[in-house]
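Fold and geometry: a report
Below, each chain spelled out in residue letters.
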Amino acid sequence: MSGCSKRCKLGFVKFAQTIFKLITGTLSKDKIEDELEMTMVCHRPEGLEQLEAQTNFTKRELQVLYRGFKNECPSGVVNEETFKQIYAQFFPHGDASTYAHYLFNAFDTTQTGSVKFEDFVTALSILLRGTVHEKLRWTFNLYDINKDGYINKEEMMDIVKAIYDMMGKYTYPVLKEDTPRQHVDVFFQKMDKNKDGIVTLDEFLESCQEDDNIMRSLQLFQNVM
């Protein structure tokens, strides 16, 4: 690994840890600027005004996020392998690689094999400051692994199992082996309104918003974003 690549990987891990603390509520919004200011360099975001219009961040917040992103990863992009290494830092007692793969694909909306700043900040805007509807649409896209516009039981099972595997000893052996399947069965029983074996976006949105238990479960999964 070249010195530049190594610096990019290690630096972005540090930057991602700050963002992760913000997402999980362990870092206040007031402190994120203080932490990111420490990594500032003179970079000017491309299309800043457009990003400001497309996201829920202010111009100042976008500048801070951009400078932190570019300072810690000068190439301006993050590939899947680096993304997996980042997630491994957060969940050392489990295997986060599978969930990180699914999450990377949700960030990589253009399917280029890399996540640019625009991809990163757009998703972050939804997850932190989006409406309930926007967050649920994003979650649906995460669960729709093959991107065919539907969620089947196998896809949801893959996601749920990946989350349990990622949590490692903090989940097992407290949960029984068939717990992921039971979790998915309950979800599908409530979500698959017409019992055709698949969940559409409309079914997903309706089911989630009318069931407090599902919303709480989804919130748990969003917290390991």
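Residues numbered from 1 in each chain as written. Predicted model: local features only at pLDDT ≥ 70, side-chain atom pairs only at ≥ 80, totals over all residues. Heavy atoms only, no water.

1. What to know about the overall build of the chain
For clarity, the threshold we go by: Segments assigned H or I by DSSP are reported as helices when at least four residues long, segments assigned E as strands when at least two residues long, and all are numbered from the N terminus. Using a 1.4 Å probe on the protein chains alone, a residue whose accessible area is under 20% of its type maximum counts as buried, one over 50% counts as exposed, and one in between counts as partly exposed. Contacts between residues were defined by any pair of non-hydrogen atoms, one from each residue, lying within 4.5 Å. Surface exposure here means Shrake-Rupley accessible area, sampled with a 1.4 Å probe, where a residue is shielded only by the protein chains that are shown.
In terms of regular secondary structure, the chain is built from twelve helices and four strands. Taking all 225 residues of the chain together, 45% fall into the buried category. Within the chain, contacts between residues at least 6 apart in sequence are counted, and of these 62% link residues at least 24 apart. When the accessible surface of the chain is totalled, it reaches about 11,700 Å², and 51% of it is carbon and sulfur.

2. Details of helix α7 (residues 117-129)
Note on helix geometry: an α-helix contains 3.6 residues per turn, so any two residues three or four positions apart are oriented the same way. Let me state the cut-off plainly: Expected helix span is given by 1.5 Å per residue-to-residue step, counting one fewer step than there are residues.
End to end, α7 covers 17 Å across 13 residues, agreeing with the expected 18 Å (1.5 Å per residue, within 8%). Listed as buried for α7 are Phe 117, Asp 119, Phe 120, Val 121, Ala 123, Leu 124, Ser 125 and Leu 127.

3. Structural notes on the UniProt feature "domain: EF-hand" (unreviewed entry) in the chain
Stated formally: UniProt positions are given in the numbering used here, feature names are shortened, and annotations may be inferred rather than shown by experiment.
UniProt marks residues 95-130, 131-166 and 179-214 with the feature "domain: EF-hand" (unreviewed entry), using the numbering shown here. Taken end to end, residues 95-130 has its terminal C-alpha atoms 29 Å apart, with 67% of it in helix and 8% in strand.

4. Digging into the nonpolar core
For clarity, the threshold we go by: Nonpolar cores are built from buried Ala, Val, Leu, Ile, Met, Phe, Trp, Tyr and Cys residues. Side-chain atoms within 4.5 Å join them into one set.
In terms of nonpolar packing, the biggest core is built from 52 residues, with Tyr 87, Tyr 99, Leu 142, Met 156 and Phe 204 touching the most fellow members. The element that contributes the greatest number of residues to this core is helix α9 (residues 153-167), accounting for eight residues. Look past the residues within four positions of Leu 142 in its chain and what remains in contact with it is Tyr 99, Tyr 102, Leu 103, Ala 106, Lys 147 and Ile 159.

5. So, the pattern of salt bridges
As a reminder of what qualifies: By definition here, a salt bridge exists when the distance from a side-chain nitrogen of Lys or Arg to a carboxyl oxygen of Asp or Glu is within 4 Å.
What the rule picks out here adds up to seven salt bridges. We note a salt bridge from Arg 129 to Glu 61, for which the minimum N-O separation is 2.8 Å. In this pair, Arg 129 is assigned in helix α7 and Glu 61 in helix α4 (residues 59-72), connecting sequence segments 68 residues apart. Accessibility expressed as a relative area gives 24% for Glu 61, which makes it partly exposed.

6. Points about helix α6 (residues 97-107)
Counting buried positions over the eleven residues of α6 gives eight, a clear majority of the element. Listed in full, the buried residues belonging to α6 are Tyr 99, Ala 100, Tyr 102, Leu 103, Phe 104, Asn 105, Ala 106 and Phe 107.

7. Observations regarding the packing of aromatic side chains
To be explicit about the condition: Side-chain rings of Phe, Tyr and Trp, where Trp is taken by its six-membered ring, are said to pair if the distance between their centres is within 6.5 Å; with planes under 30 degrees apart they count as stacked, over 60 as edge-to-face, and otherwise as tilted.
Tallied over the entire structure, the rule returns six aromatic pairs. Both rings, one in Tyr 66 and one in Phe 117, keep their centres 5.0 Å apart while their planes meet at 85°; by these two values the pair is edge-to-face. Here Phe 117 lies in helix α7 and Tyr 66 lies in helix α4, a separation of 51 residues in the sequence. The pair Tyr 66 / Phe 117 is uniform in exposure class, with both members buried. For the ring pair Phe 83 and Phe 104, a centre distance of 5.5 Å and an interplane angle of 65° mean the geometry is edge-to-face. Taken together, the residues Phe 83 in helix α5 (residues 80-90) and Phe 104 in helix α6 connect sequence positions 21 residues apart. As far as burial versus exposure is concerned, Phe 83 and Phe 104 are alike and both buried.

8. Some thoughts on the side chain of Glu 155
In this structure, Glu 155 sits in helix α9. Excluding anything up to four places from it in sequence, Glu 155 contacts Tyr 143, Asp 144, Ile 145, Asn 146 and Tyr 150.

9. Some points on the packing of α6 against helix α8 (residues 132-143)
Inclusion rule: Axis definition: a line fitted to C-alpha atoms, over the contacting stretch in the case of helices. Angles run 0 to 180 degrees between N-to-C directions. With respect to orientation, any angle under 35 degrees is reported as roughly parallel, any angle over 145 as roughly antiparallel, any angle of 65 to 115 as roughly perpendicular, and every other angle as oblique. Should the near helix be turned anticlockwise from the far one by less than a right angle, the crossing is termed left-handed; should it be turned clockwise, right-handed.
With their axes 9 Å apart at the nearest point, α6 and α8 run at an angle of 125° to one another. Relative to α8, the element α6 lies oblique. The handedness of the crossing between α6 and α8 is right-handed. Facing α6, whose interface residues are Tyr 99, Tyr 102, Leu 103, Ala 106 and Phe 107, α8 presents Trp 138, Asn 141 and Leu 142.

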